[in-house]
Amino acid sequence: MNNQEYEKAVKQLNLYSYHYYVLDDPITTDEIYDKLYHEVLAYESTHKEHILDSSPTQRVGDSISDGFTKAPHLSRMWSLEDVFNSEDLEKWLTKTYKLDKNISFYCEPKYDGASLNLIYEDGILTQGITRGDGEVGELITQNVKTIRSVPLTIEYKEKIEIRGEVVIFKDEFEKINQDRAKNGEAVFANPRNAAAGSLRQLDSRITASRNLVFLPYGVGENSLEHKLLSQKMAYIYSLGFKKPPLSATCSDAKEIQVIYDEMCANRDGYEMMLDGMVVKVDEISAQIDMGYTVKNPRFSVAYKFPAIEKITTVKDITLQVGRTGVVTPVALVEPTNIDGVVVERATLHNFDEIDRKDIRLNDKVIILRSGDVIPKIIKVLTHERNGSEAKYIRPTFCPVCKSELLDEGVLLKCQNLRCEARVINSIIYFASKSCLNIDGLGNKIVEALFSSGLVKSVVDLFSLTLDNLLVLEGFKEKKSQNLLSSIESAKGCEFWRFVNSLGIEHIGEVASKTLSSNFGSGFVDATKDEIVLCDGIGEEMAESVLEFVRVNKDTIALLQEILKPIEPQQRVEASENPFKDKTVVLTGSMSESRDAIKEILENLGAKVSGSVSKKTDFVIYGEDAGSKYDKAVSLGVECLSEQQMRSKIEQA
Ligand code: IVH
């Protein structure tokens, strides 16, 4: 790679990353990105003087600081006045129209995260500063550089402050908390705390691992000449920043209300948490004339959404036993209406969480509910205690089957495979969307089937008859027929669904697909070495498969007999050829899609694996082959170009 190629590669990488992180519309695969990234890295290691500020390698979180220094904002970071209903908004509008009659408004979401000020000089991100007290914040530039939606360089060369909110998407937040709960770490109360905490990590590797997202909402010091804020923002987005999921210019209260209603109604559907809509005067000259009160700009207001945090009381703590036997505590709270939904339960994650937060029965607590985020207790109001609160004592016996629980510290487990709760939940899981997708087998019905004695295990589902069902409460002819036919239609399912429905620990949908496509029904005979050869499957997962098969071989065979899942790509035995029974790895781009080449090789009896090891027989490389090729060379694995592969096939 020469310097010109290097610069081109950096541009290309930034384009890939812009599409992925800012536009949410990837234009390449991880593999191609990684390969180019490594070439760039290799070039930089020998040409330190050429490293570009815009290079994605400059984002790596590898710095550990022992504290943050303070840094002043170039212009003050203000906060917003809040209004909570349409009357208060009208009052704000009347007040604002008094200052200037000829105005319109720009509306955008109020993101619930941590505010951040980015300073660009000569097109380069030079400082990232937290809000602090509005005048002075903390310098966290290294951490900010790990956020992929923050451009390291922009095309605009004047000095500019770009302000926005750093957030964690809701699904990412759930993942982080699940991991933390599993590892016995304190869970974050809400995505806002998670974002703020992640941003202020001394170890920037932690920040980098949290998938933070930056959403710009304005500028501080700047010499942009746009007359309207909406134009300014459009320009900021065009510099490579992420756009809001919804924004609009409005000319009056009615139009503002329409956008507000739409945003509020869709609130749960957005990837990030919103706590309101911000209304800003669109005309910059009017903004300047209106100026500021001591705290807030007069030209802007936060029109808040109904609260999703409420105070309630913990009435009891019940225990849920999942299909794997893990016992999860759930708080029963005084029913509370949160944004239209009556909340009666809140997750407590695990028993450590109860101790850590010191949650007692009868405590007053703050609970949070937002869309698909499960309601949770985020704070105990200890100052409200009056002596009536009682400590919760960890259970030692399964609440359902009364067998002794295994106390693993963070997790408590019921080890009884026949425990009713475990069986019922396994059946529910078996029928769920990502398994056999059997319509009509929800919690209530499974419980009824189980307690009537008709279904003691998933196998029994398949011998149910119309007469069986008709005796159950609420089961008329039609409903019973429907259930029977949806159970029947699970037969002949895709093979991976069958694998997933077995509920093997650590094996989810993705791993089930991998196991199916690599082994089909042969997965029960696969060795650990063969299993770990599969892409994305590690030692622990492989061991879990082996253990499951060892214990449940008969049940697996029986279920397979009943379900007759379709073997993935059933093949006839291939005739002798150089690739038969060989392990082959593909890398680089080829004349046809990777899947097509894979198919050709698999039809010849080859096993196509994702990663190179000593056991690999051939690496077949296309253009721009990357680290897999290098690894093959270093392990002495035979490498063939696509052309060489094709000639070998023709000669056979
Ligand atoms: S404008 C001119 N717009 O809410 C005032 N703020 O109380 C500057 N926030 O500290 C803020 N989304 O961190 C503005 N679309 C948005 C926002 C937003 C979230 C945060 C921001 C600020 C606080 C205001």
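Bear in mind that the values here come from a model prediction, so they are computed numbers and not experimental data. (Residues numbered from 1 in each chain as written. Predicted model: local features only at pLDDT ≥ 70, side-chain atom pairs only at ≥ 80, totals over all residues. Heavy atoms only, no water.)

K.L.:
Got a minute to help me understand the pairing of strand E21 (residues 618-621) in this structure?
P.N.:
A regular strand carries its side chains on alternate faces of the sheet. For strand E19 (residues 583-587) and E21, the ladder comprises four bridges, and the chain directions are parallel. Its bridge partner being in E21, Thr587 is matched across the sheet by Tyr621. Once the chain exits E21 it traverses helix H21 (residues 627-635) before rejoining the sheet at strand E22 (residues 638-641), and the crossover so formed is right-handed. (Pairing = 2+ DSSP bridges. Helix = DSSP H or I, 4+ residues; strand = E, 2+ residues; numbered from the N terminus. Right-handed = clockwise from strand over helix to strand, strands pointing away.)

K.L.:
For this particular structure, what's the right way to read the nonpolar core?
P.N.:
It is characteristic of soluble globular proteins that their nonpolar side chains tend to be buried jointly. If you look at the biggest cluster of nonpolar residues, it comprises 50 residues, and the most contacted ones within it are Leu441, Leu449, Leu461, Phe498, Phe523 and Leu559. Those elements that place two or more of their residues in this core are helix H12 (420-431), helix H13 (443-451), helix H15 (477-488), helix H16 (495-501), helix H17 (509-519) and helix H19 (539-563). Looking at which element gives the most residues to this core, the answer is H19, with eight residues. (Core = buried A, V, L, I, M, F, W, Y, C linked by side-chain atoms within 4.5 Å. Buried < 20%, exposed > 50% of the residue type's maximum accessible area, 1.4 Å probe, protein only.)

K.L.:
Just to check I follow, could you spell out the side chain of Ser115 for this structure?
P.N.:
Mapped onto the secondary structure, Ser115 falls in strand E4 (residues 114-121). Ser115 gets classed as buried once you look at its relative accessible area, which sits at 17%. What Ser115 contacts, discounting residues up to four positions off in sequence, is Met77, Thr130, Arg131, Gly164, Glu165 and Tyr217. (Contact = heavy atoms within 4.5 Å.)

K.L.:
It is not clear to me how the pairing of strand E3 (residues 105-111) should be interpreted in this structure. Could you clarify?
P.N.:
The element E3 is largely enclosed, with a buried count of seven among its seven residues. As defined by bridge partners, E3 adjoins strand E9 (residues 248-250) across three bridges and the pair is classed as antiparallel. Its bridge partner being in E9, Tyr106 is matched across the sheet by Thr249. With seven bridges connecting them, E3 and strand E10 (residues 274-281) associate as antiparallel partners. Residue pairing in the sheet places Lys110 in a bridge with Gly276 of E10.

K.L.:
Honestly, the sheet that holds E19 in this entry has me stumped. Any pointers?
P.N.:
Note on sheets: strands pair through backbone hydrogen bonds, and any given pair is parallel or antiparallel. Read across the open sheet, the four strands follow the order E20-E19-E21-E22; overall the sheet is parallel. Each end of this open sheet is capped by a strand with a single partner; those strands are strand E20 (607-609) and E22. This sheet shows a mean twist of 30 degrees between the axes of neighbouring strands, independent of strand direction. Relative to E22, E21 is paired through four bridges, and the arrangement is parallel. The residue bridging Tyr621 from the neighbouring strand is Ser641, located in E22. Sitting on the sheet, H21 is in contact with E19, E21 and E22, with an inclination near 135 degrees to E19. (Axes fitted to C-alpha atoms, helices over the stretch in contact; angles between N-to-C directions.)

K.L.:
Whenever I open this one, the pattern of salt bridges confuses me. Can you help?
P.N.:
Close approach of charged atoms allows side chains with opposite charge to pair. With the rule as written, the count across this model stands at 41 salt bridges. Of the charged contacts, one joins Asp112 and Arg192 as a salt bridge, the two residues approaching to 2.8 Å between their closest N and O atoms. One end of the pair, Asp112, is in the loop between E3 and E4; the other, Arg192, is in helix H6 (residues 191-199), with 80 residues separating them in the sequence. Accessibility expressed as a relative area gives 30% for Arg192, which makes it partly exposed. Across the pair Lys491 and Glu488 runs a salt bridge whose closest N-O atoms are separated by 3.3 Å. Judged by relative accessible area, which is 31%, Lys491 ranks as partly exposed. On the basis of relative accessible area, Glu488 is assigned to the partly exposed category, the value being 46%. (Salt bridge = Lys/Arg side-chain N within 4 Å of Asp/Glu carboxyl O.)

K.L.:
Quick question: what am I supposed to make of the site of the ligand here?
P.N.:
Around the ligand, 14 residues are found, and the nearest of them are Glu108, Pro109, Ser115, Glu165 and Lys280. For the ligand, whose unbound accessible area comes to 510 Å², protein coverage reaches 87%. Listing elements by their share of the shell around the ligand, those giving two or more residues are E3 and E10. Counting residues per element, the shell around the ligand draws most heavily on E3, at four residues. (Near = heavy atom within 4 Å. Areas by Shrake-Rupley, 256 points an atom, 1.4 Å probe, with all protein chains shown as cover.)

K.L.:
Help me understand the environment of Ser300, please; the structure alone is not making it clear to me.
P.N.:
Its location among the elements puts Ser300 in strand E11 (residues 300-304). Considering only alpha carbons, one finds Ser300 and Lys315, 15 residues apart in sequence, at a separation of 42 Å.

K.L.:
Explain the environment of Trp496 to me, please; I cannot follow it from the model alone.
P.N.:
Along the chain, Trp496 turns up in helix H16. In sequence terms Trp496 and Lys615 are 119 residues apart; their C-alpha atoms lie 26 Å from each other. With sequence-adjacent residues up to four places away left out, Trp496 is seen in contact with Ser434, Glu509, Ser512, Lys513 and Ser516.

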